[in-house]
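Structure at a glance
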Amino acid sequence: MVRALYITHPQVVIDPNVPTPRWGLNETGRARAEAFAARDILPAGSAVFSSTERKAAELAEIIARPIGAPVTYETDFGENDRSSTGYMEPQRFEATADRFFAYPRESVEGWERAIDAQARIVSAVARALASVPAGTLAVFCGHGAVGTLLKCHCGNRAIARDEDQRRMADPGGGNAFVFDLEARELFCDWVAMEALDPGLL
């Protein structure tokens, strides 16, 4: 059994002229990531994994630095593919995200289907965990939608927007849950990184 922690990137610099995978953390997001790292709750020797998208990579680098852990990057940890629409105004994005979760077997406006994104993230996490020694905490830095899909799988829950981090914890991101993929067990639901119980790790 390998217990693992999934953390989403906190607030980002939103720039409609820059592809979303290249958005970085904004001042608030960086401050939250640094404050989490300063809590010193990640054990030395933790294995840190990250999406290759800039915002997740910046989070991973911030939290890995104090424990001297290298970061392993994997494109399959990336957010659901929304390149068909690119940047969307918030109201349209939220409506489209609602449909993404409500109709997981359909491609909404050309987005990657939720069931495909779920299969991808679950497989990628399983591959990563296979490389982690027993007793070592695995930390995954990623994104809200695929994180929710992973959480639904681990918790044996149907894909639904009500499972999304925005509905349960900080709407700006920077949320976490602890899980065991092999046992398909959740040790907590989405919680803001600031409120994560270190006893779960």
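This section reports on the structure supplied with the text. From a predicted model like this one, the values you see are computed outputs, not experimental measurements.

Focus on the nonpolar core
By size, the foremost hydrophobic cluster in this structure holds 61 residues, and its most contacted members are Leu5, Phe140, Leu150 and Phe179. Sorting elements by how many residues they give to this core places helix 4 (residues 114-129) first, with eight residues. With residues near it in sequence (within four places) discarded, leucine 5 still touches Phe36, Leu42, Leu137, Ala138, Val139, Phe140, Ala176, Phe177, Val178, Phe179, Leu196 and Leu201.

Looking at the side chain of glutamate 112
Its location among the elements puts glutamate 112 in the loop between helix 3 (90-102) and helix 4. Glutamate 112 sits in the buried class, given a relative accessible area of 18%. Here the side chain of glutamate 112 touches arginine 120 through a polar contact of 2.9 Å, side chain to side chain. When neighbours within four sequence positions are excluded, glutamate 112 is seen to be in contact with Glu79, Asn80, Asp81, Phe100, Ala117 and Arg120.

So, helix 5 (residues 144-154)
With respect to burial, helix 5 is a largely interior element, 11 of its 11 residues being buried. Every buried residue of helix 5 is listed here: Gly144, Ala145, Val146, Gly147, Thr148, Leu149, Leu150, Lys151, Cys152, His153 and Cys154. Buried residues in helix 5 make contact with strand 1 (4-8), helix 3, helix 4, helix 6 (165-168), strand 5 (175-180) and strand 6 (185-186). Just downstream of helix 5, asparagine 156 is the residue with a positive phi angle, here 55 degrees.

About the thresholds
- Residues numbered from 1 in each chain as written.
- Predicted model: local features only at pLDDT ≥ 70, side-chain atom pairs only at ≥ 80, totals over all residues.
- Heavy atoms only, no water.
- Core = buried A, V, L, I, M, F, W, Y, C linked by side-chain atoms within 4.5 Å.
- Buried < 20%, exposed > 50% of the residue type's maximum accessible area, 1.4 Å probe, protein only.
- Helix = DSSP H or I, 4+ residues; strand = E, 2+ residues; numbered from the N terminus.
- Contact = heavy atoms within 4.5 Å.
- Polar contact = N/O pair within 3.5 Å; in protein donor to acceptor, adjacent residues only side chain to side chain.

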